[in-house]
Amino acid sequence: MSQQPNNQQQHQPQQQFQQEDDINLRDEFGKYFRYWPWFVASVLLCVLIAFLYLRYTTQVYQSTATIIIKDEKKGGSIPGLEAFEGLGLLGGMGGNSLENEMGILRSKRLITDVAKQLQLNVRFFIEGNVQTTELYSNNPIDIQILKQDEEALAEGRAFNIYDKGEKGILIVDELSGKEITAGYGNPVDLDFGTIVINKSLTSGFKEFSEKGEPLTVIFSTIEAAGAGYREKIQLNLTDKNSSLIELNLNDPVKEKARDILDQLILEYNRQAIEDKNLVATNTARFIEDRLAIITGELDSVETGKEDFKEENQLTDIQAESEMFVENASEFNKKRQEVATQLELSTAMLEYINTDSSSDLLPANLGIAESGVNQTISEYNSLVLERNRILRGSTEKNPVVMDLNTQLEQIRVNVVRSLQRMRSNLLISQKELNRQAAEMGSRIASVPGKEKQFRGIERQQSIKEALYLFLLQKREETSLSLAVTAPKAKIVDNAYTLKTPVAPKGKIILLAALILGVLVPFLIIYLKNLFNNKVNERADIEKITKEIPIVGEVPRVAKKEDELIKKNDRSVLAESFRITHTNLQYLMINAAEKEGGNSIFVTSTVKGEGKTFVSFNLALTLANSDKKVLLVGADLRNPQLQRYFPDARQQRGVSDYLISTTVMLKDLITPSGLHSNLDLLASGTIPPNPSELWRQKKTAGLFEELENLYDYVIYDTAPAMLVTDTFLINKYSDVTLYVIRAGYTEKKLINFAVDAKRDGKLHDVSFVLNDVKAANYGYGNKYGYAYGEDESGFWDKLKGKAAIW
């Protein structure tokens, strides 16, 4: 039983903290919710701006194409060409690096070739009601550039073209305003070059000229046009383990974007085919050169054979030496092979010595040495790889420099291999010649003529074998040139998505919605963050609760009356009635004394509304059938003339304090605002107001006025600026300290608190003046116009808007 109360005591503080947190959250939310019309207006405005932006912004569409880069080392045989791959005529390219291929697709040279083929340096535009539209396939005219000055086109040039019917066309330079009249099909000299304008076959100029709007043509350099699209083209690998490359291009003109992607793939394949054919082309040229030499030598041998037979009247030497030939056939075959290989090695050395280090070496000529063939193939592969990298780079590229070093080493190895092969062949030939000498002794019985004839036939057979071999290689090389396959296989031709990629409607509308909420939120937050002014009663209560708040006075609109009237049911009148009621509880002690009550109205600084509060409080008390006097107690800067114009010319308090003969009754005048309200002006502005208030006569003034009236309201000087109010505050029954919302700084509240603690002011109460409708009362949650006619929605909205 004893544990239950303890548990309740433990839970009570937690519940109190939770309740305070909930209240704080509601208060924080209420700070922003009171501005809900502005949140709604901001959201509607941002959404409207977003809608207009989406409506009138040029839509950008994405075009996509997909290709596969063939890897000749990993991709296997090309269908139908397996036989030629065995000859090594379709190889030589080596493995493909996808990063290198993607770099080539982005290369300046390739994009420039695309721009040149599609004439992207000439663009056509037609101006619409809202936006300018680019024309592509439906151009009313075709323009051909005969010559142009690249420097003059460095910044681009724009011309407006008008159709003048039979008179031709009018060309207006947008930069200089120069006008040129020309005819269709005739050359026109412009500042940057010469062009020819022809009528388009697809559409005419009539549909544009009827609208009265010119056709705008923008010229630029091909490099500039290519560079613009080079930045737009995006290349992506669909999978890191595949060689599938996706090409994307975003552009407002769908057909133009598709043509650019298709042309880019076409140019890439064309250049790749040219690279592949370099080896075969150099080999074909070498074979043609050797065929010309061998043909001449073969003709010379055959002519010598014919002359030898005629001179020696030989008919059938073969039959006479058939037996010997059969025994020596194998020997002669070896000599032919050695001679052929020696001839090839000599020719290759001559070609290498006369060839540039950047050219490819002839391959697959039939050299029997496999090491030489492998070294030549490796050399050609590196040459091709270096040339391809040079298209998008320079000689100073570290990769190129490394490849040059490798090429130099391999070239030296090729020369050494050929020299070593030739030395071996010479040794073999020398040995064969020695054996031939021995065989010659054996055929001593054969007539010398037959011996000479055999020598001629031997030379003929060597030349014929070499000639036939070169003919075969020439045909194989021609076939390899004819059947070279493209490097990039097209998986998907360029196509365009139906939905635009920019502007993104849903994202922009969502951003507009968020921005519409965020902008007023930030404005309100920053306004509250940097606001050091008192805005509502909660701001005062947070600083101090030592001084009570007896009244809140709402803000008065410019067109509204600042002074209340009899039977007034306005919010202003109700606020002073509430203040009057609260004052009754503060003046309980004062009710026991004889005479009326003195109420001092002061503030911290000038402009906080003391005079306004004094007049309206006086009128409120007068409406309650009380006899009221309003005294201008601010002798330095009197303000009663704001509502009582004659107050500045009248004598008043200062005149009474200075003179010994002036009577107070003679200085008091009817206010004219209410029958129960009289006024006592400040009087002549004295040079020493503080000294006047220190006189003994001052006490008599307050006592006499209290005997004459039920309430005497004193409009005093600002307490922080002068000491006048402190000097006379001892004569007051209640001191109303006016704080103006949106004007008085929060730190100045401490001045009133310190003054009360120090005894300079007594019976002090705050009156919060000029409160916005949204901050009036307890956040205006329950309305502030009880008994008044209900306002419409837009009137309420205007009331909310007044807070700004």
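Residues numbered from 1 in each chain as written. Predicted model: local features only at pLDDT ≥ 70, side-chain atom pairs only at ≥ 80, totals over all residues. Heavy atoms only, no water.

Would you mind going over the overall build of the chain with me for this structure?
Along the backbone of the chain there are 24 helices and 21 strands. Out of the 804 residues in the chain, the part that is buried amounts to 43%. Pairs at least 24 residues apart make up 79% of the contacts formed inside the chain by residues separated by at least 6 positions. Surface accessibility of the chain: about 44300 Å² in total, with carbon and sulfur atoms responsible for 52%. (Helix = DSSP H or I, 4+ residues; strand = E, 2+ residues; numbered from the N terminus. Buried < 20%, exposed > 50% of the residue type's maximum accessible area, 1.4 Å probe, protein only. Contact = heavy atoms within 4.5 Å. Areas by Shrake-Rupley, 256 points an atom, 1.4 Å probe, with all protein chains shown as cover.)

I'm lost on the pattern of salt bridges in this one. Help?
Pairing between side chains of opposite charge can happen when their charged atoms approach one another. Scanning the entire structure with this criterion turns up 22 salt bridges. Ionic pairing is found between R157 and D173, a salt bridge with its closest N-O pair at 2.3 Å. With R157 in strand β5 (residues 157-163) and D173 in strand β6 (residues 169-173), the pair connects residues that are 16 residues apart, well separated along the chain. Each member of the pair R157 and D173 is classed as buried. The residue E745 makes a salt bridge to K747 at a minimum N-O spacing of 3.6 Å. Residue classification places E745 among the partly exposed residues on the basis of a relative accessible area of 23%. On the basis of relative accessible area, K747 is assigned to the exposed category, the value being 60%. (Salt bridge = Lys/Arg side-chain N within 4 Å of Asp/Glu carboxyl O.)

It is not clear to me how the environment of S690 should be interpreted in this structure. Could you clarify?
Checked against the element boundaries, S690 lands in helix α20 (residues 689-693). A C-alpha to C-alpha distance of 7.7 Å links S690 and L727, two positions 37 residues apart in sequence.

Explain the sheet that holds strand β8 (residues 187-190) here, please?
Sheet strands pair by backbone hydrogen bonding; their relative direction is either parallel or antiparallel. The strand order across the open sheet formed by three strands is β4-β9-β8, and the pairing between neighbours is antiparallel. Here the strands that pair on one side only, and so sit at the sheet edges, are β4 (141-148) and β8. Shown here is a sheet whose adjacent strand axes are inclined to one another by a mean of 30 degrees, direction ignored. Summarising the sheet, β4 and strand β9 (residues 193-199) pair through seven bridges and their orientation is antiparallel. Paired with I141 across the bridge in β9 is K199. (Pairing = 2+ DSSP bridges. Axes fitted to C-alpha atoms, helices over the stretch in contact; angles between N-to-C directions.)

Could you clarify how one ought to interpret a nonpolar patch on the surface in this entry?
On the surface, V47, L509, L510, L513, I514, L518, F521, L522, Y525, L526, L529 and F530 cluster together into a nonpolar patch covering about 1100 Å² of accessible area. For the nonpolar patch, the element with the most residues is helix α14 (residues 505-530), which contributes 11 residues. Positionally, V47 belongs in helix α2 (residues 36-56). When its relative accessible area of 30% is taken as the criterion, V47 is described as partly exposed. (Patch = residues over 30% accessible without salt bridge, like charges linked within 9 Å, V, L, I, M, F, W, Y side chains within 5 Å.)

How should I be thinking about unusual backbone geometry in this particular structure?
Where the residue is not glycine, phi is negative for most of them; where a peptide bond is considered, it is trans in most cases. Omega for the peptide link from A502 to P503 comes to -10 degrees, which places this bond in the cis form. Position of P503 among the secondary structure elements: in the loop between β13 (488-496) and α14. Despite not being glycine, Q119 has its phi angle at roughly 55 degrees, a positive value. Mapped onto the elements, Q119 comes out in the loop between α5 (108-118) and β2 (122-127). Relative accessible area serves as the criterion here: at 33%, Q119 is assigned to the partly exposed category. Unusually for a residue other than glycine, D763 sits at a positive phi of about 50 degrees.

Help me understand the sheet that holds β6 in this model?
Strand order in the open sheet formed by six strands is β3-β2-β10-β5-β6-β7, and the pairing between neighbours is antiparallel. If you trace the sheet from one side to the other, it starts and ends with β3 (132-135) and β7 (179-182), each paired once. Taken pair by pair, the neighbouring strands of this sheet meet at an average axis angle of 30 degrees, ignoring direction. By the bridge criterion, five bridges tie β5 to strand β10 (residues 215-219) in an arrangement that is antiparallel. Its bridge partner being in β10, F159 is matched across the sheet by V217.

Whenever I open this one, the packing of aromatic side chains confuses me. Can you help?
Within the structure shown, the criterion is met by 15 aromatic pairs. Taken together, a centroid distance of 6.4 Å and an interplanar angle of 10 degrees make the contact between F521 and Y525 stacked. Taken together, the positions of F521 and Y525, both in helix α14 and four residues apart, correspond to about one turn of that helix. Y525 gets classed as partly exposed once you look at its relative accessible area, which sits at 38%. Put simply, the rings of F600, W693, F702, Y714 and Y731 touch in pairs and so form one group of aromatic residues. The lysine or arginine in question, K232, covers the ring of Y229, its NZ or CZ lying 5.0 Å from the ring centre. Of note, K627 hangs over the ring of Y709, and the distance from its end group to the ring centre comes to 5.1 Å. (Phe/Tyr/Trp six-rings, centres within 6.5 Å; stacked < 30°, edge-to-face > 60°. Lys NZ or Arg CZ within 6 Å of the ring centre and 35° of its normal.)

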